[in-house]
Amino acid sequence: MMSSETRTIRVTINGRAFGRTIETNLLLSDFIRHEVELTGTHVGCEHGVCGACTILFEGKPARSCLMLAVQADGARIETIESLADGERLHPLQTAFAENHGLQCGYCTPGILMTMKAYLAETPRPTEAQVREALSGNLCRCTGYQQIVEAVLQAAALMRGERP
Amino acid sequence: MKPPPFAYRDPTTLDDALALLADDAEARPLAGGQSLMPMLNFRLVRPSTVVDLNRISALAGIAVDRGGATIGAMTRQVDALRAPVLAEQWPLIRMALEHVGHLQTRNRGTIGGSLAHNDPAAELPAVMLALDARMTVQRAKGARTISAQEFFVSSLTTAIVAGELLTAIHLPSPPPGAGMGFAELARRHGDFALAAAAIVVSRAGAGHARVVVTGMGDGPQRIPAAEAALLNGRFGEAAIAEAGAAASAAVSPIDDLHAPAWYRRKIAGVMAARAARDAIGRMAG
Ligand code: FES
Ligand code: FES
């Protein structure tokens, strides 16, 4: 069997630069969780179906299990750990807590990162639009209803309205 | 699972990428990774070398001139979805891309990657067939242009051979006053189609009709009998019904856990009629 090559990469995650020497077949999801030890990004299926591993790659939601870590060399990444400002929760987090938008929480990091980017582009979504935007994230607990309500409330909070 | 080991190269020029592919028949180009990465993770493919195309900026972008549009193979699906120049003349691209995957996958997934992978239920190959697209395929020593009809061979198979790379897709200008329509049935939004239809119609000259159905198991399929029905029936309601029936009659669908063959056959006709009605409604004149 062929042995793996290694490469040294530099990635900016949540505003901090990380330099690591890694094998070129290392998945970006494993780089984030095992090398950088930011374990908030979850891995559900590892083949691009569940969305639990969603991060922001250059500001856009992407599935980190479908990227190689080496592809992130020089890139800017945001993970769930960047969402709260110290102890101050992001409006998405507040809304998910208040609406019971999570039960086991496995799907939550991927959903919040997807919705962060989505609401930045679509500050006033309809319920149907939120459901469509959520279609790339599977949740096995909630039945989605409370997730949709939480996203709609977060959107209102981010517009400065208190629903 | 995790990808098997491979040599990794990320060239920044097309020439370098083509040289790497010419050197090694077991090398695989990596575009947006939304199909190849799951196959690597499952170890369904074990390429000797992964040639990552993501740093070749010359392969991405959309250019429109009087003859039509040229879409670089590495153009992200999200960028094609939002391109005003495509929406104007080729709205079929936008209509179909809304059914392709999800926010996260469209941000990475590319137009060329989807076409070169040719999943038998993917939307983009059907759209390219309906738009009479031509594909430019390059190798280290030369290039060739392949019609969509010849490019999509069968499920997961295209006319690309080892050492070649799909680099661009050309869309001819649609006939004057063209109307386009797309319809799909999938279990969940963003899933591959159980059945989908892409239609282009125009009254210009002797009339123009393209009826393409996909999701039947073997990739996109043009339905000449349905096209003839639309043209002969002057795009009337009876012609639409006849085109739908012709589509159902022409397909040989597969049976799988997602849907039985009889259901796919029926839905192929329903989608063809629905997309045709839509396209006709948008047609000028
Ligand atoms: S772990 Fe990446 S999509 Fe499921
Ligand atoms: S809260 Fe458990 S999977 Fe979504």
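Novice: Got a sec to walk through the overall build of chain B? Specific residues and values, please.
Specialist: Helix and strand counts for chain B come out as 12 helices and 14 strands. For 285 residues, the compact-globule estimate of 2.2 N^0.38 gives 19 Å, and the C-alpha radius of gyration of chain B, at 19 Å, lies within 12% of that figure. Overall, chain B is about 60 × 45 × 30 Å in size when its C-alpha atoms are taken along their principal axes. In chain B, which comprises 285 residues, the proportion classed as buried is 56%. Within chain B, residue pairs in contact and separated by at least 24 positions form 62% of the contacts whose partners lie at least 6 positions apart. Of the roughly 11,500 Å² of accessible surface on chain B, a fraction of 53% belongs to carbon and sulfur atoms. Considering chain B, the positive charge centre built from 28 side chains and the negative charge centre built from 25 side chains are found 3 Å apart.

Novice: Describe the packing of aromatic side chains, and please don't skip the residues or the numbers.
Specialist: Enumeration according to the criterion identifies 2 aromatic pairs over all chains in this entry. When the centroid spacing of 5.1 Å and the interplanar angle of 85 degrees are considered together, the rings of F151(B) and F152(B) count as edge-to-face. For the pair formed by F151(B) and F152(B), the shared burial category is buried. Here the guanidinium or amino end of R108(B) rests over the ring plane of F57(A), the centre of that ring lying 5.1 Å away.

Novice: Account for the domain arrangement of chain B, naming residues and giving values.
Specialist: Residue and element names in this part refer to chain B. Domain boundaries assigned for chain B yield domain 1 (7-52), domain 2 (60-172) and domain 3 (179-282). The straight-line distance from the C-alpha centre of domain 1 to that of domain 2 is 19 Å. Taken together, the 11 residues of domain 1 in the interface contact 16 residues of domain 2. A buried area of about 1,000 Å², summed over both sides, lies between domain 1 and domain 2, and 75% of it is on carbon and sulfur atoms.

Novice: Which residues make up the side chain of T105(B), and what values go with them?
Specialist: Of note, T105(B) is situated in helix α6 (residues 103-108). Separated by 2.8 Å, the side chain of T105(B) and the backbone nitrogen of H102(B) make a polar contact. Aside from chain neighbours lying at most four places away, what touches T105(B) is R63(A), Q34(B), Q77(B) and V100(B).

Novice: Describe the sheet that holds strand β3 (residues 54-57) of chain A, with residues and values.
Specialist: For sheets, the rule is that strands pair by backbone hydrogen bonds, running either parallel or antiparallel. All names here are of chain A. Judged by pairing direction, the sheet is mixed, and its 5 strands sit side by side in the order β2-β1-β5-β3-β4 without closing on themselves. Edge positions in the sheet fall to β2 (16-23) and β4 (60-63), since each of these pairs with one other strand and no more. Averaged over all pairs of adjacent strands, the angle between their axes in this sheet comes to 40 degrees, without regard to strand direction. Where strand β1 (residues 6-13) and β2 come together, 8 bridges link them in antiparallel fashion. The partner of R10 across the bridge, within β2, is G19. Sheet strands touched by helix α3 (residues 108-121): β3, β4 and β5 (76-78). Its angle to β3, the strand with the most contacts, is close to 35 degrees.

Novice: Could you give me a rundown of the pairing of β3(A), with the residues and numbers involved?
Specialist: Residues and elements named next belong to chain A. Burial of the side chains of β3 extends over both faces: T54 and L56 are buried on one face and I55 and F57 on the other. Pairing geometry for β3 and β4, over 4 bridges, is antiparallel. Counterpart to L56 in the pairing with β4 is P61. Taking the residues that link successive antiparallel strands as the turn, the β3-β4 hairpin has 2 residues, and the phi of E58 there is positive, at about 50 degrees. Two strands pair when backbone bridges link them, and β3 and β5 are joined in this way by 2 bridges, in the antiparallel orientation. By the bridge assignment, F57 is partnered in β5 with I77.

The rules behind these values
Residues numbered from 1 in each chain as written. Chains lettered and ligands numbered in written order. Predicted model: local features only at pLDDT ≥ 70, side-chain atom pairs only at ≥ 80, totals over all residues. Heavy atoms only, no water. Helix = DSSP H or I, 4+ residues; strand = E, 2+ residues; numbered from the N terminus. Rg over C-alpha atoms; globule rule 2.2 N^0.38 Å. Buried < 20%, exposed > 50% of the residue type's maximum accessible area, 1.4 Å probe, protein only. Contact = heavy atoms within 4.5 Å. Areas by Shrake-Rupley, 256 points an atom, 1.4 Å probe, with all protein chains shown as cover. Lys, Arg positive; Asp, Glu negative; His and termini not counted. Charge placed at Lys NZ, Arg CZ, Asp CG, Glu CD. Phe/Tyr/Trp six-rings, centres within 6.5 Å; stacked < 30°, edge-to-face > 60°. Lys NZ or Arg CZ within 6 Å of the ring centre and 35° of its normal. Domains from an automatic or database assignment. Buried area = accessible area lost by both parts, 1.4 Å probe. Polar contact = N/O pair within 3.5 Å; in protein donor to acceptor, adjacent residues only side chain to side chain. Pairing = 2+ DSSP bridges. Axes fitted to C-alpha atoms, helices over the stretch in contact; angles between N-to-C directions.

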